[in-house]
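Coordinates in review
Spelled out, the chains give:
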Amino acid sequence: MASDTRSEKEKMLAGDFYNAFTPELLRERSLCKDFIYEYNNTRPSESEKRTGLLQKMFGKFGSNSMIETPFFCDYGSNIHWGENSFANYNLVVLDICSVHVGDYVLMGPDVKIYGATHPTDPQLRLDGLEYGKPVRIGNNVWIGGSAVIVAGVTIGDNSVIGAGSVVVKDIPANVVAVGNPCKVIKQLEPPTRPSKGYPQLTGFVQEEKEKS
């Protein structure tokens, strides 16, 4: 059998078992921690600086989007964040695989998105191996505070995840789902027209300061 010549980062991004404590991955996580430190120590009035940091850190960070501080992630480069999307305080994203957040997404405080996981086999854990699975959150999704979304989950467009829920399986579009494990309790009708005018999420504190 041919040996696996891929780097540990390539294995990680592919969702295969990998060693997280190699020089390349340690260096990338360290750089991300520096970005996160700088981001979490910005002033509320520095909205342009915050947006610029996230645009450098993330694979994508859409316009008119906002993530309150404090915020934490592993790499940042594997996060793809849509437009007009908001996350409240204490968002944690373990992005060892891709994490896609759609447009017009709302997240309450203390939401956790865990793209990382560990093998249940105790020998593999003892050998220091882990792996991840992508997470995808559709457009116009509302995720209540303290919800946990585990590796490999997809949440469909327009759905609502109740506060404190633990999402361990895919949630379809246009539903309300709650609980641990999170289950669908209600069907929703999808929107029938575009937004009449979505709020401006960034820049207000800075604008008011300039006027004073």
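As recorded in an unreviewed UniProt entry, the protein goes by Maltose/galactoside acetyltransferase domain-containing protein and comes from Adineta ricciae. Quoted verbatim from the Sequence similarities (unreviewed entry) field of the UniProt record, the comment on the protein reads "Belongs to the transferase hexapeptide repeat family."

Along the chain, the position of I113 falls in strand β9 (residues 112-114). Linking I113 and A151, residues 38 residues apart in sequence, is a C-alpha distance of 7.7 Å.

Our focus in this paragraph is the state of the cysteines. Disulfides are covalent bonds that connect the sulfur atoms of two cysteines. Throughout the structure, instances matching the rule amount to zero disulfides. Not part of a disulfide, C32 finds its nearest cysteine sulfur in C73, a span of 3.5 Å.

Sheet topology places strand β16 (residues 160-161) next to strand β18 (residues 175-178); two bridges connect them, and they run parallel. Looking at the pairing, V160 lines up with V176 of β18. Where β18 meets strand β19 (residues 183-187), four bridges bridge the pair, whose relative direction is antiparallel. The residue bridging V175 from the neighbouring strand is Q187, located in β19. The turn joining β18 and β19, which pair antiparallel and follow one another in sequence, is formed by four residues; a positive phi near 100 degrees is taken by G179.

We now examine the environment of I155. Tracing the chain through its elements places I155 in strand β15 (residues 154-155). The contact partners of I155, leaving out residues within four places of it in the chain, are R136, I137, G138, V141, I143, I149, I161 and I171.

Our next topic: the pattern of salt bridges. Summed over the entire model, instances satisfying the criterion amount to five salt bridges. A salt bridge links D4 to R6, with the shortest nitrogen-to-oxygen separation between them at 2.8 Å. Accessibility expressed as a relative area gives 42% for D4, which makes it partly exposed. A relative accessible area of 31% means that R6 is categorised as partly exposed. Salt-bridge contacts for E28 lead to K9; the nearest nitrogen and oxygen are separated by 2.9 Å. Pair noted here: E28 is in helix α2 (residues 23-40) and K9 is in helix α1 (residues 8-14), with a separation of 19 residues, a long-range link. Under the relative-accessibility criterion, E28 is labelled partly exposed at 22%.

Now for the packing of aromatic side chains. Applying the stated criterion across every chain yields a total of seven aromatic pairs. Arranged with centres 5.3 Å apart and planes meeting at 85 degrees, the rings of F17 and Y131 form a pair that is edge-to-face. Pair noted here: F17 is in the loop between α1 and α2 and Y131 is in strand β11 (residues 131-132), with a separation of 114 residues, a long-range link. We classify Y131 as buried; its relative accessible area is 19%. By way of ring pairs, the aromatic residues Y39, F58, F61, F71 and W81 are connected into one cluster. Over the aromatic face of Y39 sits the side chain of R50, whose NZ or CZ is 5.9 Å from the ring centroid.

Conventions used here
Per chain, the residues get numbers from 1 upward, laid out in the order the sequence is written. Only residues with pLDDT of 70 or above have their local features reported here, since the model is predicted, and side-chain atom pairs are shown and tallied only from 80 upward, although totals for entire chains, interfaces and linings are computed over all residues. Working from all heavy atoms in the structure, the side-chain values ignore hydrogens and water. UniProt positions are given in the numbering used here, feature names are shortened, and annotations may be inferred rather than shown by experiment. For helices the rule is a DSSP run of H or I covering at least 4 residues; for strands it is a run of E covering at least 2, with both sets numbered from the N terminus onward. When the sulfur atoms of two cysteines come within 2.5 Å, that pair is taken as a disulfide. Only strands that DSSP links by at least two bridges are regarded as paired with each other. By definition, residues are in contact when any of their heavy atoms lie within 4.5 Å. The working definition used for a salt bridge is a side-chain nitrogen of Lys or Arg within 4 Å of a carboxyl oxygen of Asp or Glu. Relative accessible area decides the class of each residue, using a 1.4 Å probe on protein chains only: under 20% of the type maximum gives buried, over 50% gives exposed, and in between gives partly exposed. Put simply, two rings from Phe, Tyr or Trp (the six-membered ring, in Trp's case) pair if the centres are within 6.5 Å, and we call them stacked under 30 degrees between planes, edge-to-face over 60, tilted for the rest. To sit over a ring, a charge needs its Lys NZ or Arg CZ within 6 Å of the ring centre and within 35 degrees of the ring normal.

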